[in-house]
Amino acid sequence: MKLQDRVAIITGAGSGIGRAAAQLFSREGARVVVADIDPIGGEETVRKVRAEGGEAVFFETDVTISDAVQAAVSKTISQFGKIDILYNCAGVDIFIINPKADGTVVGTREEEWDRLLAINLKGTFLFCKYALPHMMKQRRGVIINMGSEY
């Protein structure tokens, strides 16, 4: 197992690519922290990982809020003692923010744009900001920043 005894935080792991990553990392031996804003999806990912014999916990986390990200990182350190992998996968497109959006610059409201950037960029920044010091202290760690068009 390639990730035996590693601890991985995966943002956006309550569905889609994040969930698939959580399951794959677990199959490779990692203990997985599912960080997602959706408790139903997050708990479902944990259930799926555990059903395959893996170890996972869910921390409800809004990646756009500094205190929430700090709390997820702190809980990970408290529970597992380290962070080896940070997989930033939380992300949205404009149609998740507004299903009726027309997808154009002209048709996108400023608050929709701000929310999109907060989730897709600020969330990645915040998790790197708070996880990286622990990795530096350990003198090891991997950060993967994911982007997708589905």
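Everything in this summary refers to the structure shown in the same document.

Conventions we followed
- Residues numbered from 1 in each chain as written.
- Predicted model: local features only at pLDDT ≥ 70, side-chain atom pairs only at ≥ 80, totals over all residues.
- Heavy atoms only, no water.
- Helix = DSSP H or I, 4+ residues; strand = E, 2+ residues; numbered from the N terminus.
- Rg over C-alpha atoms; globule rule 2.2 N^0.38 Å.
- Buried < 20%, exposed > 50% of the residue type's maximum accessible area, 1.4 Å probe, protein only.
- Expected span 1.5 Å × (residues − 1).
- Arc of directions from axis to C-beta.
- Polar contact = N/O pair within 3.5 Å; in protein donor to acceptor, adjacent residues only side chain to side chain.
- Contact = heavy atoms within 4.5 Å.

Here the focus is the overall build of the chain. For the chain, the count of helices and strands is 5 helices and 5 strands. Helices (α) and strands (β) of the chain occur, in sequence order from the N terminus, as β-α-β-α-β-α-β-α-α-β. What you see for the chain is a C-alpha radius of gyration of 15 Å, in line with the 15 Å of a compact globule of 150 residues. In terms of overall dimensions, the chain has C-alpha extents of about 50 × 35 × 20 Å along its principal axes. Within the span of the chain, comprising 150 residues, buried residues form 44% of the whole.

Turning our eyes to something else, we now look at the environment of F125. Structurally, the position occupied by F125 is in helix 5 (residues 110-138). Judged by relative accessible area, F125 falls into the partly exposed class, the value being 49%. Separated by 80 residues in the primary sequence, F125 and T45 have C-alpha atoms spaced 24 Å apart.

Compared with an ideal rise of 1.5 Å per residue, which puts 13 residues at 18 Å, helix 2 (residues 39-51) spans 18 Å between its outermost C-alpha atoms and is within 8% of the ideal. Those residues of helix 2 that fall on the buried side of the exposure criterion are G41, G42, T45, V46 and V49. End-on, the buried residues of helix 2 take up no more than an arc of 140°, which puts them together on one face. The outward face of helix 2, more than 90 degrees from its buried face, is lined by the exposed residues I40 and A51.

Once that is clear, we can look at the side chain of T61. As for its position among the elements, T61 is in the loop between strand 3 (55-60) and helix 3 (66-80). Using a relative accessible area of 1% as the deciding quantity, one classes T61 as buried. There is a polar contact of 2.8 Å between the side chain of T61 and the backbone oxygen of F59. Not counting residues up to four positions away in its chain, the partners in contact with T61 are A35, D36, I37, A68, V69, A72 and F127.

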